[in-house]
Structures are given as C-alpha cells and as structure tokens.
Amino acid sequence: MTSHKLTAEVADRARAMRIAGALQDLLVPPPDALTVFEEPGTADADEAPTVRGWRIEAYFSEPRVPAELEADLATLLGEPSPSFQPADIPDVNWVALSQAALPPVRAGRFTVHGAHDTDRVPQGPGAILIEAGEAFGTAHHATTYGCLLALDQLARTHTFKRILDLGCGSGILAIAATRAWGKARILGVDIDERSVEVAEENAQTNKASEHIEFVCGGVEAPAIRKAALFDLVVANILAAPLIELAPDIARVADAPGGIVVLSGLLTREAPSVQAAYNAQGFALLSHRRCDGWSVLTLVKRG
C-alpha cells in the first residue's frame, strides 16, 4: 500500500504560501499531509546559503492526476499553477511526520506548538499545544495565524462573555479564546465529527475543557440557538460559505457591538465577503492581510 506524493517548485515565498493554503483549505478533498520547504542554494564556504526557492509536497492516499490538480488550483487562485511532479512512496503516517517537522508559531500573545516542542516552549498562559491529527488548524497557515492575531488584538480592547467558534477544526481558536478571556463561555461547532473529537482532545490537553463545549453541527445546531446571542463569533471557513452564512451569523451575533472575525478567504475574495456582512448591519473594524489571505474583523451596529 502506498501514498502518492506530488511536488512543485516555486521561487517566491508568498506564492508558495498561497498555493499551500489553497491545497489545504480550498481543494476538495485536501491532501492528507502538506509540507513547504526552503530549497537552499549554493554558497562559498564562508557564506550562508541563499534560498533557491520553495518546494511544496502534497501527500494523497488516492492518486491525483497532476494536470487536473494544476487546473483546480488555477481556478481556485485565479493564477497559473506551478507544475506538479508525481512520485509513489511507502505508506507511512505522513500527517504525523509533517507535523513533527513544524516549528512553534508565535502569534501575538499565543505560541502554538506540537508535543515535540513542549520542552523548548515556555509553558505560560499563551502556550497552546496542538496536534491537529485529522482536523485543520495548527497556526502554520495564514488563515489560522491571522485569526490568532485578530484575537490577540481584540483582547487588548474588548471583554467577551459568550463566544462562538464556527468551524472549530482542531479547536485552536476556542482554546486561544480561553487564554484571552478566561471567564467566557465558549461554544465550538464543526460539521465534521472527527474534528469535534480532535478539538475535545486538544482542549483536555490544554486544560481548557471547563469553559468550552464542542458539538457537531452547523449554524442551525440546537446548542447555538440555546447559547445565543454571542458577543464574539469567529468563523475560519471559506469565502463562499461565509457569504451564504452571513444572515445566520448576523442572527446569532449580539447587537449592538457584537464582533465577528472571518477568515479562510483569499484577499481578492474579501470585498465580496465584507459586502455580504455590511448588508447584515456590520461595519469593518480591521482587514488583516497575510500571504494572499485575509481576516476581516467587523462589528454589528445597533
């Protein structure tokens, strides 16, 4: 039994991150594991090597035709895709191996790390241990990283009591919310049952279970109706569902003053998402851009 690897070489870091983000967040189905490495160039003995480019490696359990993958990426990103080359490799746990190679990520007050870095990361209130497993969310991607920065910024000026993490994935944002607002009640919701299980495991690992409830479902989940209204809603999903969910998110967000943090959207998609929420009575507070992706923070008017 084998896994299937597709690799591509990209010269520009920002473009490599956009492509990796599209593979991880937009492609259906996504790769089982994904890595992005610097390719060092040559150098003299007394000089540091230069960066020759970036190598993207995507691992799939089922074969993918490179030309079809390239066409999908070009459509998703609105730009030409790099050329992908296939290679069959022995079947091992590439998810675990790729995560073990990930360094800690510092995002404002938060430091997200895997178990392999526990001894090297100061275990203060901002430390979050995440083993995403089969759920999205390790902070290495611009969407999650941008959300953490948005939460860090909000924690400087706002206090929240009821928080909804819609599309909670690994639970990283709900756990970060407990670090920023220790007395808040937090509800994490995801349509994927395995993601909910992973999120619960991560909350227990981070001693955050007391203030977080995770449930499987969508925006119509009974737990959401029971807990609403929320003074903070975080939704790290994708642009199309964010636009579709705008009336529902507006319905469960408190007013006036309820805050929503929206992520999972390419920067070119941000105007359409913002317009959908403007129509529901939200005003833009900030627009954070990172590696071709955007995070919108908006406030609900009275």
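Here the structure is shown first, and the text comes after it.
Residues numbered from 1 in each chain as written. Predicted model: local features only at pLDDT ≥ 70, side-chain atom pairs only at ≥ 80, totals over all residues. Heavy atoms only, no water.

Draft legend 1. Inspection of the overall build of the chain at higher detail. Within the chain one finds 10 helices and 14 strands. Sequence separation of 24 or more characterises 68% of the internal contacts of the chain that already satisfy a separation of 6 or more. Accessible surface, the chain: about 14000 Å² in total, of which carbon and sulfur atoms supply 53%. (Helix = DSSP H or I, 4+ residues; strand = E, 2+ residues; numbered from the N terminus. Contact = heavy atoms within 4.5 Å. Areas by Shrake-Rupley, 256 points an atom, 1.4 Å probe, with all protein chains shown as cover.)

Draft legend 2. Representation of the layout of surface pockets. Volume-wise, the second largest pocket comes out at about 190 Å³. Residue lining of the second largest pocket: Arg162, Ile163, Arg185, Ile186, Leu187, Glu213, Ala223, Lys226, Ala227 and Phe230, and that is the complete set. Those elements giving two or more residues to the lining of the second largest pocket turn out to be β8 (162-166), β9 (185-190) and α7 (222-227). Looking at the lining of the second largest pocket residue by residue, the class counts come to six nonpolar, no polar and four charged. (1 Å grid on protein atoms, 1.4 Å probe; cavity = no way out; pocket = protein on both sides within 12 Å on 5 of 7 lines; lining within 4 Å. Points joined across faces, edges and corners; volume = space filled by probe spheres on them. Nonpolar A, V, L, I, M, F, W, Y, C, P; charged D, E, K, R; others polar.)

Draft legend 3. Structural detail: the sheet that holds strand β5 (residues 105-107). One open sheet holds the three strands; their spatial order is β5-β6-β7, and the pairing between them is mixed. Each edge of the open sheet is held by one strand with a lone partner, namely β5 and β7 (127-129). Here the strands of the sheet are splayed against their neighbours by 25° on average, with no regard to which way each runs. Sheet strands in contact with helix α4 (residues 142-155) are β5 and β6 (110-113), and its direction is about 40° off that of β5. (Pairing = 2+ DSSP bridges. Axes fitted to C-alpha atoms, helices over the stretch in contact; angles between N-to-C directions.)

Draft legend 4. The arrangement of the packing of aromatic side chains in detail. On inspection of all chains with the given rule, the structure shows two aromatic pairs. Where phenylalanine 160 meets tryptophan 181, the ring centres are 5.0 Å apart and the plane angle is 75°; that geometry is what we call edge-to-face. Linking phenylalanine 160 in the loop between α4 and β8 with tryptophan 181 in the loop between α5 (172-180) and β9, this pair joins segments that are 21 residues apart in sequence. There is no split in this pair, since phenylalanine 160 and tryptophan 181 are both buried. A cation sits over an aromatic face here: arginine 64 above phenylalanine 60, 5.5 Å from the ring centre. (Phe/Tyr/Trp six-rings, centres within 6.5 Å; stacked < 30°, edge-to-face > 60°. Buried < 20%, exposed > 50% of the residue type's maximum accessible area, 1.4 Å probe, protein only. Lys NZ or Arg CZ within 6 Å of the ring centre and 35° of its normal.)

Draft legend 5. Representation of the pattern of salt bridges. For the coordinates displayed, the defined rule picks out 12 salt bridges. One salt bridge connects aspartate 152 with arginine 109, and the closest N-O pair in it is separated by 2.7 Å. Of the two residues, aspartate 152 is situated in helix α4 and arginine 109 in the loop between β5 and β6; the sequence distance between them amounts to 43 residues. (Salt bridge = Lys/Arg side-chain N within 4 Å of Asp/Glu carboxyl O.)

Draft legend 6. Local environment of unusual backbone geometry. The peptide bond linking valine 28 to proline 29 adopts the cis configuration, its omega dihedral lying at -5°. Alanine 255 connects to proline 256 through a cis peptide bond whose omega is -5°. Along the polypeptide, proline 256 turns up in the loop between α9 (246-252) and β12 (259-266).

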